[in-house]
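# Results of the structural survey
What follows is the residue order along each chain.
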Amino acid sequence: MSAYAGPVIDPHHHLWDLALDCHPWLRKRPEGGDMVFGSIEPIRRTYRREHYARDAARQTIVATVHVEAGWREDDPLSETRWLESQADDRIARRLVARVPLAHPRAEAFLEAEAARPRVVGIRDIVSWDPDPAKRFAPCPGLMSDPAWRNGLRAATKLGLVFDLMLYPPQMAEAQRLVADFPDTLFVLNHCGSPADRSPEGMRLWAEGLRALAQAPNLRLKLSDPVAYDPHWTEESLRRVIAHGIDCFGPDRAMFASDFPVTGLHASFDAIYGVFRAIAADLSPSEQAALFFDTANHTYRLGLDRSAFPARDIARDPV
């Protein structure tokens, strides 16, 4: 098989403007900038549409889905309004907005987001770890919290997809969640976040991912595989990505950049080069699913793949 040369949808990236001071996690901190994926100093800079377009220029990207970028939780709709000023028919064509589902005003927030034409999904990160440097959620057990679940129920009634970001030790709780919400379409972020690279940690991730894949209402985003593998090789990434594809199948999995965060450990061209190399062993229809079709259907982008000509990315950049 040959490497995929068709149109690409990037269903996970971020934009921000530090001058707005609306992303608390990007502010300078006295204790330093290290997080679970290392120092964030290289990405503590404004990253708007033009910066993404520059990074992605050689990768035949025809549409993207912007995923919330940790905007302050008291006024999440203001991120959507700002993104609407940044978006066009290609970049941020669809949005996954932030709503803290246990918030007392969660239902009102959700209704306001669902009324915006570009918004197709919600993310409220549940990733929790005893180590504060690895922690994204305010407390453990959010997926079992009645108030949080009420918020998710309201999102489902509005037809919103839910992007699910967690750690492998939380996968058993996530299995109960996706079973209890069969009408919700979930998208598991970042390959299931295999942050613990010890043999036991990777075993827990691999088994948990296999179990989660049994849920028909769950998709897998093969995004930022370098986050927890900073000294990566194509082979080390292949082990993670191939397992994800084997568990979910191409029709329920999608490649995504997670730029600019992925840029901490790899260039845009490097990560998509790995995606193309790993997918080259698959059939043309399977490759198209991973690079375009699954994202197109999941996030209701409404695009016709046949309308975009194939390109030689080495000689014909977008």
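Below is a short write-up of the structure. (Residues numbered from 1 in each chain as written. Predicted model: local features only at pLDDT ≥ 70, side-chain atom pairs only at ≥ 80, totals over all residues. Heavy atoms only, no water.)

This part takes up the packing of aromatic side chains. One pair of aromatic rings is described through two measures. These are the centre distance and the angle between the planes. Scanning all chains against the criterion turns up 11 aromatic pairs. Judged by centre distance (5.6 Å) and plane angle (85 degrees), the ring pair of Y52 and F268 falls under edge-to-face. On the criterion of sequence distance, the pair formed by Y52 in helix α1 (residues 49-55) and F268 in helix α8 (residues 268-279) is long-range, its members being 216 residues apart. Relative to F275, the ring of F255 lies with its centre 4.4 Å away and its plane at 15 degrees, an arrangement referred to as stacked. Note that F255 is positioned in strand β10 (residues 253-256) and F275 in helix α8, a separation of 20 residues in sequence. For the pair shown, F255 and F275 are each scored as buried. One aromatic cluster in this structure is built from Y4, Y52, F255, F259, F268, Y272, F275 and F291. (Phe/Tyr/Trp six-rings, centres within 6.5 Å; stacked < 30°, edge-to-face > 60°. Helix = DSSP H or I, 4+ residues; strand = E, 2+ residues; numbered from the N terminus. Buried < 20%, exposed > 50% of the residue type's maximum accessible area, 1.4 Å probe, protein only.)

So, about the pattern of salt bridges. Pairing between side chains of opposite charge can happen when their charged atoms approach one another. On inspection of all chains with the given rule, the structure shows 21 salt bridges. For R149, the salt bridge identified is with D180, shortest N-O distance 2.9 Å. Note that R149 is positioned in helix α4 (residues 146-157) and D180 in helix α5 (residues 171-180), a separation of 31 residues in sequence. Take R149: its relative accessible area is 16%, and that puts it in the buried class. Overall, D180 belongs to the partly exposed group, its relative accessible area being 47%. We note a salt bridge from R197 to D229, for which the minimum N-O separation is 3.7 Å. Here R197, found in the loop between β8 (186-188) and α6 (199-212), pairs with D229, found in the loop between β9 (218-223) and α7 (234-248); they are 32 residues apart in sequence, far enough to count as distant. (Salt bridge = Lys/Arg side-chain N within 4 Å of Asp/Glu carboxyl O.)

Let us now look at the sheet that holds strand β5 (residues 94-98). Sheet architecture is open: 8 strands sit in the order β1-β4-β5-β6-β7-β8-β9-β10, paired in parallel fashion. Two strands close off the open sheet at either side, each with one partner strand: β1 (8-13) and β10. When strand polarity is set aside, the average angle formed by the axes of neighbouring strands in this sheet is 25 degrees. Strand direction decides the pairing type here: strand β4 (residues 61-67) and β5, joined by 3 bridges, are parallel. Of the residues in β5, the one forming a bridge with H66 is L95. (Pairing = 2+ DSSP bridges. Axes fitted to C-alpha atoms, helices over the stretch in contact; angles between N-to-C directions.)

Here the largest pocket defines a volume of roughly 810 Å³. Lining the largest pocket are 34 residues; nearest its centre among them are W25, G70, I125, R135 and F136. Of the residues in the lining of the largest pocket, the class split is 19 nonpolar, 5 polar and 10 charged. (1 Å grid on protein atoms, 1.4 Å probe; cavity = no way out; pocket = protein on both sides within 12 Å on 5 of 7 lines; lining within 4 Å. Points joined across faces, edges and corners; volume = space filled by probe spheres on them. Nonpolar A, V, L, I, M, F, W, Y, C, P; charged D, E, K, R; others polar.)

Our focus in this paragraph is the pairing of strand β6 (residues 119-123). Burial within β6 is extensive, with 5 of its 5 residues counted as buried. For the handedness criterion, the β-α-β arrangement of β5, helix α3 (residues 106-114) and β6 is classed as right-handed. With α4 bridging β6 and the parallel strand β7 (residues 161-164), this β-α-β connection has right-handed handedness. (Right-handed = clockwise from strand over helix to strand, strands pointing away.)

Quick look at the packing of α5 against α6 now. One can describe the packing of α5 onto α6 by two numbers: an axis separation of 10 Å at closest approach and a directional angle of 5 degrees. Judged by the inter-axis angle, α5 sits roughly parallel to α6. Together, M171, A174 and Q175 of α5 and W205, G208, L209, A211 and L212 of α6 make up the contact between the two elements. In terms of residue class, the contact of α5 with α6 is made up of 6 nonpolar, 2 polar and no charged. (Parallel < 35°, antiparallel > 145°, perpendicular 65-115°, else oblique. Contact = heavy atoms within 4.5 Å.)

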